[in-house]
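Here's the letter readout for the chains.
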Amino acid sequence: MEKLQQTLERIAPLDSEVQKQCQEHIDNLTKPPGSLGVLEHIAAKIAGITGEVKPVLPKKTCVLMAGDHGVVAEGVSAFPQEVTPQMILNFLSGGAAMNVLARHAGAELVVVDVGVAADLPDHPVLRKMKVAYGTANMAKGPAMTRQQAIAAIEAGITVAEDAIAGGTGLFGTGEMGIGNTTASTAITAFYCGGNVKAACGRGTGVDDERLRHKIRVIETALEVNRPEPDDAIDVLAKLGGLEIAGMAGVMLAAAANRVPVLVDGFISSAAALIAAKLNPDVTDYMLASHLSEEPGHAAALQLLGLKPFLQMNMRLGEGTGTALAIPMVEAAIKIVHEMASFADAGVSKGEE
């Protein structure tokens, strides 16, 4: 708990003055004001986060948190729990979609076992920080103990701080864990007033009958657990997952160290909700990469006050949206550094 508390205390709002100076610089470049849209927003926000009017191109690290969910015993997923460790091996061998997209973006991929319900082999890409062999079945009681939830958050903080010490200046968050859309729906629905049906999607592709069953299971979990609304750790422990907690830790550590963090899809946004409930200023350091096909994602982003860059009809997770968004962040930074101003280019700025 000490590591978490210290991290929370170090998070402060972004530097609005530097953000303003960056926007003023952008407004003086050879283009109509605001004509680069989201790229301008990204650049100015990165400036406010880093405290640099002209931020440097960062080293990129995508952190993929992995954990299993006891609620799969209720039949909420189209895939069995054994797929989680199988996919981890796929990540380690470089064959998953996230591997391809991380390579494309020039980002390092770090896979973290924070709660897989199996033992995994040693591998240079894998960080073994297992808190538990998966969560308990939240339909029958709390998914985790409070201590487990905090330990998983602190695992994420440690991973992020180690990456920052190695030069990382931009994070992407991702996950792997069969059953995690169920946990994310529970968290999101809870913070959206309990409307499970509106927040619940098909996850890995369940049919109509299983979707209805999934909704009933989540409604049962909310009724059984009754989390405390003002206690984010209680919400996380009762309804969440170890990998969700780990991603929240990465986000908190990024904010505490003034490093921007890209939020992926629905599962990452559930982690972002927990992080924001622990310290609202953390959202200043978040950039929403894309809008997932999962219906709860839009609701979560609205609660967070974040607008996604991309809409690609994606619902894979793994951090794939963040890998696609990394080149957009780099493009925004390059605009600040490489575009000529009206004065430099000898171009008339026109009427104010």
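It should be emphasised that the depicted structure is a prediction, and the values quoted were computed from it without experimental measurement.

How each quantity is defined
- Residues numbered from 1 in each chain as written.
- Predicted model: local features only at pLDDT ≥ 70, side-chain atom pairs only at ≥ 80, totals over all residues.
- Heavy atoms only, no water.
- Helix = DSSP H or I, 4+ residues; strand = E, 2+ residues; numbered from the N terminus.
- Rg over C-alpha atoms; globule rule 2.2 N^0.38 Å.
- Buried < 20%, exposed > 50% of the residue type's maximum accessible area, 1.4 Å probe, protein only.
- Contact = heavy atoms within 4.5 Å.
- Core = buried A, V, L, I, M, F, W, Y, C linked by side-chain atoms within 4.5 Å.
- Pairing = 2+ DSSP bridges.
- Axes fitted to C-alpha atoms, helices over the stretch in contact; angles between N-to-C directions.
- Parallel < 35°, antiparallel > 145°, perpendicular 65-115°, else oblique.
- Left-handed = near helix turned anticlockwise from the far one by under 90°.
- Nonpolar A, V, L, I, M, F, W, Y, C, P; charged D, E, K, R; others polar.
- Expected span 1.5 Å × (residues − 1).
- Bend = angle between axes of the 7 residues up to and from the residue.
- 1 Å grid on protein atoms, 1.4 Å probe; cavity = no way out; pocket = protein on both sides within 12 Å on 5 of 7 lines; lining within 4 Å.
- Points joined across faces, edges and corners; volume = space filled by probe spheres on them.
- Salt bridge = Lys/Arg side-chain N within 4 Å of Asp/Glu carboxyl O.
- Polar contact = N/O pair within 3.5 Å; in protein donor to acceptor, adjacent residues only side chain to side chain.
- Phe/Tyr/Trp six-rings, centres within 6.5 Å; stacked < 30°, edge-to-face > 60°.
- Lys NZ or Arg CZ within 6 Å of the ring centre and 35° of its normal.

Caption draft 1: Local environment of the overall build of the protein. Tallying secondary structure elements over the protein gives 15 helices and 6 strands in all. Its C-alpha atoms give the protein a radius of gyration of 20 Å, within 12% of the compact-globule value 20 Å for 352 residues. Counting across all 352 residues of the protein, residues that qualify as buried make up 57%. Within the protein, contacts between residues at least 6 apart in sequence are counted, and of these 75% link residues at least 24 apart.

Caption draft 2: How the structure looks around the nonpolar core. Residues F171, L239, M251 and M286 are the most contacted members of the largest nonpolar core, which totals 83 residues. Discounting chain neighbours no more than four positions away, the residues touching F171 are T61, V63, A160, A163, I164, V250, A254, V259, P260, V261 and L262. Core analysis: the second largest hydrophobic core is formed by 41 residues, A47, L109, L126 and A323 among them.

Caption draft 3: Expanded view of the sheet that holds strand β2 (residues 108-115). Ordered in space as β3-β2-β1-β4-β5-β6, the 6 strands form an open sheet in which the pairing is parallel. For this open sheet the edge positions go to β3 (126-128) and β6 (286-288), each flanked by a neighbour on one side alone. Between one strand axis and the next, the sheet turns by 30 degrees as a mean value, whatever way the strands run. Sheet topology note: the β2/β3 ladder contains 3 bridges and is parallel. Looking at β3, one finds that V112 is bridged to R127. In this fold helix α11 (residues 242-256) packs onto β1 (59-67), β2, β4 (168-176), β5 (261-263) and β6, with an angle of close to 170 degrees to the strand it touches most, β4.

Caption draft 4: Seen up close, the packing of helix α1 (residues 2-10) against helix α6 (residues 146-165). One can describe the packing of α1 onto α6 by two numbers: an axis separation of 9 Å at closest approach and a directional angle of 60 degrees. In terms of their interaxial angle, α1 and α6 are classed as oblique. Taken as a pair, α1 and α6 cross one another with a handedness that is left-handed. Residue-level inspection shows E2, K3, L4, T7 and R10 of α1 in contact with α6, the latter providing I150, I153, E154, I157, T158 and E161. By residue class, the composition of the contact of α1 with α6 is 4 nonpolar, 2 polar and 5 charged.

Caption draft 5: Broad picture of helix α14 (residues 320-338). In a regular helix each residue adds 1.5 Å, so 19 residues correspond to 27 Å; α14 covers 28 Å between its end C-alpha atoms and thus fits that length. In the structure, α14 departs most strongly from a straight axis at I326, where the bend amounts to approximately 25 degrees and where the proline P327 lies between one and four residues downstream. Of the residues making up α14, those classed as buried are T320, G321, T322, A323, A325, I326, V329, E330, A332, I333 and V336.

Caption draft 6: Representation of the layout of surface pockets. Considering only enclosed or pocket space, the largest pocket measures out at about 510 Å³ in volume. Every residue lining the largest pocket is counted, 32 residues in all, and those nearest its centre are N180, G203, T204, R315 and L316. For the lining of the largest pocket, the secondary-structure elements that each account for two or more residues are α4 (83-93), β4, α7 (180-191), α12 (266-278) and α14. The element contributing the most residues to the lining of the largest pocket is α7, with 3 residues. Taken together, the residues that form the lining of the largest pocket break down as 11 nonpolar, 14 polar and 7 charged. Computed from the structure, the second largest pocket encloses a volume of approximately 160 Å³. Taken together, 16 residues make up the lining of the second largest pocket; nearest its centre are T50, V56, P58, G169 and P260.

Caption draft 7: Structural context of the pattern of salt bridges. Under the definition given, this model contains 13 salt bridges. The residue D122 makes a salt bridge to K128 at a minimum N-O spacing of 2.7 Å. On the accessibility criterion, K128 (45% relative accessible area) is partly exposed. Connected through salt bridges with shared partners, the residues K3, R10 and E161 form a single ionic network.

Caption draft 8: Layout of the side chain of N180. Residue placement: N180 occurs in helix α7. Only 2.8 Å separates the side chain of N180 from the side chain of E175, close enough to count as a polar contact. Of the polar contacts made by the side chain of N180, one reaches the side chain of E243; its length is 3.2 Å. Those residues in contact with N180, other than ones at most four positions away along the chain, are H69, E175, E243, I244 and I267.

Caption draft 9: Highlighting the pairing of β1. For β1, the tally of buried residues reaches 8 of 9 residues, placing the bulk of the element in the interior. In terms of strand pairing, β1 meets β4 through 8 bridges, oriented parallel. Paired with K60 across the strands is L170, a residue of β4. Here β1 pairs with β2 via 7 bridges, running parallel. Along β2, the bridge assignment pairs T61 with E108.

Caption draft 10: Expanded view of the packing of aromatic side chains. Summed over the entire model, instances satisfying the criterion amount to 1 aromatic pair. Seen from their ring centres, F190 and Y191 are 5.5 Å apart, and the 70 degrees between their planes marks the pair as edge-to-face. Geometry around Y133 places K130 over its ring, the cationic atom sitting 4.6 Å from the centre.

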